[in-house]
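Reading the structure
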Amino acid sequence: MWNIIMKQYIFIFVSVICLYSCNTEDIKVYDLRCENLTDPLGIDTEDARFSWKIKSDIQGDRQTAYRILVASSSTLLAADKADLWDSGEIESPESVLTPYSGARLSSGTVAFWKVRIKNKNGHYSTWSKPAKFSIGLLNLSDWQGIYIGFPKEAGDPQSPLLRKQFELKSKSGCILLHINSLGYHEVYINGGKIGNELLVPAVSQFNKRSLSRTYDVSNCLKKGKNDLVIWLGRGWYQLGLPGVVYEGPLVKAQLEEYGNSMRNILLVTDTSWNVCESGYSLTKKWKYDEFGGEHIDATLVPDNFTAPELDKRQWHLAVKIDVPTHTVSPQMTEGNRIAEKYPAKSIIQIADKSWLVDVGKSLTGQIEVKFPKLSKEQKITLAYCDHIDDKGNFVNQNQEDYYIASGKAGEIFQNKFNYHSFRYLKISGLEEAPHLDDITAFLIRTGYDDAASFRCSDDDMNAIHDMIRHTLHSLSLGGYLVDCHHFERLGYGGDGHASTVTAQTLFNLPSLYANWLQAWGDCIRDDGGLPHTAPNPYPAGGGPYWCAFIVTSPWNAWLNYGDRRFIEKYYLVMQHWLQYVDKYTVDRLLKKWPDTDYRSWYLGDWLPPKRVDQSIQASIDLVNNCTISECYVLLRKMAHILGKENDASLYANKRDTLNKLLHEIYFQPDSAGYASNSQIDIAYPMLTQVTPPELTDAVMEKLLYETEHTLKGHIGTGLVGIPVITEWVVKFNQPDFMYSMLKKTDYPGYLYMINNGATTTWEAWDEPRSYIHNCFNGIGSWFYQAVGGIRPDETAPAYRKVWIQPQIPEGITWAEIIKETPYGTLSVHWEKNSVQLSFNLSIPVGCTAYLPLPKKIRRYSINGENFNKIDTTPLILESGKYKVIY
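The paragraphs below set out a description of the structure included in this document. (Residues numbered from 1 in each chain as written. Predicted model: local features only at pLDDT ≥ 70, side-chain atom pairs only at ≥ 80, totals over all residues. Heavy atoms only, no water.)

This part is about the sheet that holds strand β6 (residues 98-99). The strand order β1-β2-β6 describes an open sheet built from 3 strands, whose pairing is antiparallel. Of all the strands in the sheet, the pair left with one neighbour each is β1 (27-34) and β6. In terms of strand pairing, β1 meets strand β2 (residues 49-56) through 6 bridges, oriented antiparallel. In the sheet register, Arg33 faces β2, and the bridge partner there is Ser51. (Pairing = 2+ DSSP bridges. Helix = DSSP H or I, 4+ residues; strand = E, 2+ residues; numbered from the N terminus.)

Before going further, it helps to examine the pairing of strand β42 (residues 824-832). In this structure, strand β41 (residues 814-821) lies alongside β42, joined through 8 bridges in antiparallel fashion. Note on β42: the bridge partner recorded for Glu816 is His829. Between the antiparallel neighbours β41 and β42 lie 2 residues. Relative to strand β43 (residues 837-843), β42 runs antiparallel, the two sharing 6 bridges. For Val828, the partnering residue across the bridge sits in β43 and is Leu841. Remark: 4 residues form the turn of the hairpin made by β42 and β43, two consecutive strands paired antiparallel.

Here we take up the packing of aromatic side chains. Under the definition given, this model contains 47 aromatic pairs. Ring plane angle 50 degrees and centroid distance 6.5 Å describe the contact between Trp236 and Tyr538, whose orientation is recorded as tilted. Of the two residues, Trp236 sits in the loop between β15 (224-233) and β16 (250-259) while Tyr538 sits in the loop between α6 (510-523) and α7 (544-547), which places them 302 residues apart along the sequence. Accessibility assignment for this pair places Trp236 and Tyr538 in one class, buried. Aromatic pair Tyr580 and Tyr584: ring centres 5.1 Å apart, planes at 55 degrees, arrangement tilted. (Phe/Tyr/Trp six-rings, centres within 6.5 Å; stacked < 30°, edge-to-face > 60°. Buried < 20%, exposed > 50% of the residue type's maximum accessible area, 1.4 Å probe, protein only.)

What follows is about helix α10 (residues 617-641). Here α10 spans 36 Å end to end across 25 residues, near enough to the 36 Å set by a 1.5 Å rise per residue. The buried fraction of α10 is high, at 19 of 25 residues. The positive-phi residue at the C-terminal boundary of α10 is Gly643, with phi of around 80 degrees. (Expected span 1.5 Å × (residues − 1).)

Turning our eyes to something else, we now look at the pairing of strand β27 (residues 379-385). In terms of burial, β27 is largely enclosed, as 6 of its 7 residues are buried. Where β27 and strand β28 (residues 399-404) come together, 6 bridges link them in antiparallel fashion. For Thr381, the partnering residue across the bridge sits in β28 and is Tyr402.

Next up on the list: the nonpolar core. Counting 216 residues, the largest nonpolar core has Trp577, Tyr750 and Trp782 as its most contacted members. Broken down by element, this core gets its largest block of residues, 11 residues, from α10. In this structure Trp577 touches Ile524, Gly528, Leu530, Pro544, Cys547, Ala548, Ile550, Val551, Trp593, Ile628 and Cys631, once residues within four positions along its chain are discounted. With 26 residues, the next largest nonpolar core counts Ile68, Val70, Trp85 and Ala131 among its residues. (Core = buried A, V, L, I, M, F, W, Y, C linked by side-chain atoms within 4.5 Å. Contact = heavy atoms within 4.5 Å.)

Take a look at the structure:
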C-alpha cells in the first residue's frame with residue numbers, strides 16, 4: 001500500500017514538473033528595450049514604450065498575451081511588487097513599442113521593468129531579465145545649474161577641465177549625473193572615466209536645441225569626499241555658427257539622487273567650480289575642408305585624474321556664460337563607441353624621420369600610437385589621408401595632429417575631441433619607426449546594432465556588399481549619416497535619402513534617425529524652406545531630392561521599425577515643406593527655387609559618370625518633379641495611417657495631376673524615352689507611375705536598350721539615380737539587369753572601385769575628392785530585397801508581415817541572408833540547381849512570412865511533406881523553421 005501511495009506522489013510530482021517545464025522552458029523573452037534603446041538613461045518622454053523579442057521551440061508559436069511589471073527599484077521588481085505599473089494580463093500579440101500606462105513618470109524618474117508572455121497554447125514564459133530606464137530632465141525648469149566655461153583672460157578656453165570636489169553624506173538611492181554640454185565632454189569621478197562613449201553628445205542644431213546625457217554614477221561615488229571632473233572639447237560649438245556665443249565649449253550639469261520616488265539635487269554647475277587648461281586644442285576651426293586635428297601638449301595633459309595629480313594644476317574659477325534660451329532635450333540615440341579595431345598592416349620610411357603607415361582599410365575614427373622614447377617637447381606630426389597616388393604621395397591632405405612630448409616613458413597618442421577619415425597615416429619627427437603592434441586604428445560610429453548579413457555564391461557581389469556596409473559604418477559617427485567626415489561632416493539629405501533603405505536594412509537605426517530627423521525638424525524655416533543638410537551650420541548644395549528626406553525617411557523608419565511617432569512628429573513638417581514647394585510651382589511644375597543664406601544649388605541627379613550630362617534642364621525638372629510625385633504618394637499613405645482621409649484624397653489628386661502633366665511634357669513617343677533619356681530619366685517615371693501602364697513595356701525596353709548600347713551595359717546614374725534604379729529593378733523584377741551592371745569591372749562601377757584599391761565607396765565614379773563617401777550606397781538594399789527576396793509589407797510594418805521572394809540572376813546559385821527584425825531573427829538560405837530550388841527559413845515569433853510559388857510549379861514540399869499547388873496563393877508561414885523545396 002505504501003509503495004502504491006509513494007508511486008502516486010512521484011507521478012504527481014513528475015507531472016507538475018513536466019507541466020511547469022512545458023509552460024516555461026520552450027519560451028524565452030529577451031532583448032528588452034525602452035524607446036528602441038537598451039536600458040536607456042534619460043529618455044525624452046514621459047510616455048515610455050516597451051519592446052521585447054520572443055524565442056520559442058514551438059512551431060508556429062505566437063504571443064497571445066503579455067504582462068509588464070514596472071517598479072521604482074530593482075528590489076521591488078524582484079519581489080514582483082510593481083509600484084509604478086502592473087499591466088495585468090493584456091491579450092495582445094504586440095511586442096514592439098507597447099505603451100506604458102502606469103503612474104505618471106516625470107523628469108528624473110528611475111524605473112525597472114520586466115515582462116512575460118503567454119503563447120498560443122496558453123503557456124507562460126518565465127519572467128524576462130529585468131531592464132531599466134530613466135526619464136531625463138524634460139523642462140528648462142528642471143535644470144538648476146548654469147552654463148559655465150573657462151575664462152578667456154586666463155588662457156586657452158578650447159578644451160578645459162572643470163572640477164568640483166564635494167561631500168556625500170550618505171548613499172541610499174540611484175545617483176544620476178545629467179550633463180548638457182555645448183561641445184563634447186568626458187566625465188571622470190574619483191579618478192575613473194565614466195562610460196565608454198566617445199565624442200559625446202550627438203549632433204544638434206545649436207540655435208534651436210542642445211542635447212543632454214545622463215549617467216548612473218551610483219557605484220562611482222563614495223561617502224565623504226568626491227572629485228568630479230568634466231573635460232570639454234569644442235566639436236561643432238564654433239564661434240560664428242548658429243547659436244554659438246563663446247570661444248570655448250560650455251557645460252551645465254546636475255547631480256541628483258533618486259529614491260522612494262523622490263529627487264534630491266546634490267550638485268549643480270555654478271561659478272564655484274574650478275577650471276584649468278588641459279593641453280588639448282583644435283588646430284583649425286571646424287568648417288568645410290578645415291576640420292584639421294588636435295594639438296596635444298603632453299607636458300600639460302594630466303597623467304591621471306586622481307586628486308593628488310589634479311591638485312598640482314593651476315586652477316581658476318569658472319565663469320558663467322549667458323546662453324540664448326533654446327530647447328535642451330535628452331539624447332535619444334546611442335553614443336559613439338569604438339566598433340572595430342584595425343592593427344597597422346605596414347610601415348615604411350619615406351623620408352628622414354618620416355614614416356608611412358597603412359592600416360589596410362579606409363575608415364573614420366581615431367588612431368592610437370605607442371611611441372618609442374621621446375625627448376621632452378619633441379614635436380611629432382601625424383597626417384591622415386584616405387588615398388595615396390602611385391608615388392606614395394598623400395592626395396587631398398587636410399587632416400593633421402601635433403603631439404608635443406612630455407619626455408616620460410610610455411607616451412601614447414590618441415585623439416580625444418576630434419577624429420579623422422583615413423587609411424594612411426604619416427608620422428613625422430620620429431627617429432625610429434614604432435612597432436606595427438603599437439599602432440591601432442579605431443573605427444568609431446554611433447553605437448547601433450548591426451541588423452543584417454549577406455553571403456552568396458558570387459564573391460564579387462559579396463565584396464560590393466561588404467564595401468557598402470563598411471562605408472556606412474564609417475559615415476555614421478555622431479547620431480546621423482554624413483556625406484564624408486574629412487571634408488564636410490554634414491548630414492546631407494540627398495545622401496541620406498539615397499542610402500536610407502540600405503542603411504535601415506543593414507542596421508538597427510530607429511534611434512539614429514530619431515536624432516537626425518529631430519535636427520531636420522529644427523532646421524525648417526518659417527516659410528517652409530528646408531536646407532540641404534541637418535544640422536545646418538552653413539549653406540550647402542543640393543536640390544528637392546535632398547529636402548525630400550523629411551518625407552521619405554520617417555516613412556521608411558515606420559516601415560522598418562514600426563514606430564508611428566516618426567509619422568506623427570514630422571507630418572506637419574512635411575506638409576509645411578510641400579507648401580513651400582507649391583510656392584515655386586509654375587504651371588503646375590516645380591521649378592528652380594532661389595539660393596538662400598542656408599541653401600544653394602538646384603540639382604537633379606548628382607555625380608553620374610562623365611558620359612552622362614546631369615545639367616540638362618529637362619532632366620533636372622523631370623527628376624525633381626518625380627521626387628515630388630513620390631512625396632505625394634507617401635503623404636497620402638501617412639495621412640491614411642493618421643486617419644486624415646481628406647489629406648489623403650488631396651495628395652492622391654495632386655499626384656495624379658502631376659503625373660499626367662509630367663508624361664505629357666517629357667515623354668517622347670517616337671523613342672519611348674523621357675527628357676534626356678538617361679537611366680534616371682527613363683526609370684524614375686516608371687517607378688513613380690508617371691508612365692501609363694500600357695506604355696511600361698516599351699519604356700522598359702528603351703531603358704534596357706540605352707543601358708546596353710549607349711552605356712555599354714554600365715551604371716549611368718549618380719547619387720539620386722542609384723536608389724531609383726535599385727528600387728525600379730526590384731519593383732519590375734529585373735535581377736539580371738542589375739547583376740550585369742554590377743559585374744562590370746571597368747569604369748564606371750563598384751568592381752572598378754574595388755579593383756583600384758577601394759575598401760569604401762567613393763564620392764565620384766573616378767577621380768573623387770573623397771574616397772569614403774555616402775554617394776553610391778543606395779545599391780545595398782538590392783542584395784536583401786532582390787537576391788535575398790526579403791521585403792517588409794506596409795500593411796504590417798516592422799517585418800510583422802514579410803515577403804520572401806528572391807529575384808535570382810543567372811550566375812548566383814545560392815544566398816544566405818540574416819535580417820534582425822524588431823521581432824527577432826529572420827533568416828533565408830536558398831539554393832538552386834537545374835532540378836530544384838530549396839529554402840531553409842527561420843521565422844521569428846511575431847512575424848508571418850509569405851512565400852509565393854512560381855506559376856509553373858505544381859508540387860512542393862514543406863519539412864518533408866509533399867503538397868500539390870492549388871492556386872496562386874503564397875505559402876503562409878508562421879514562426880518556426882522550414883525547409884521548402886520545389
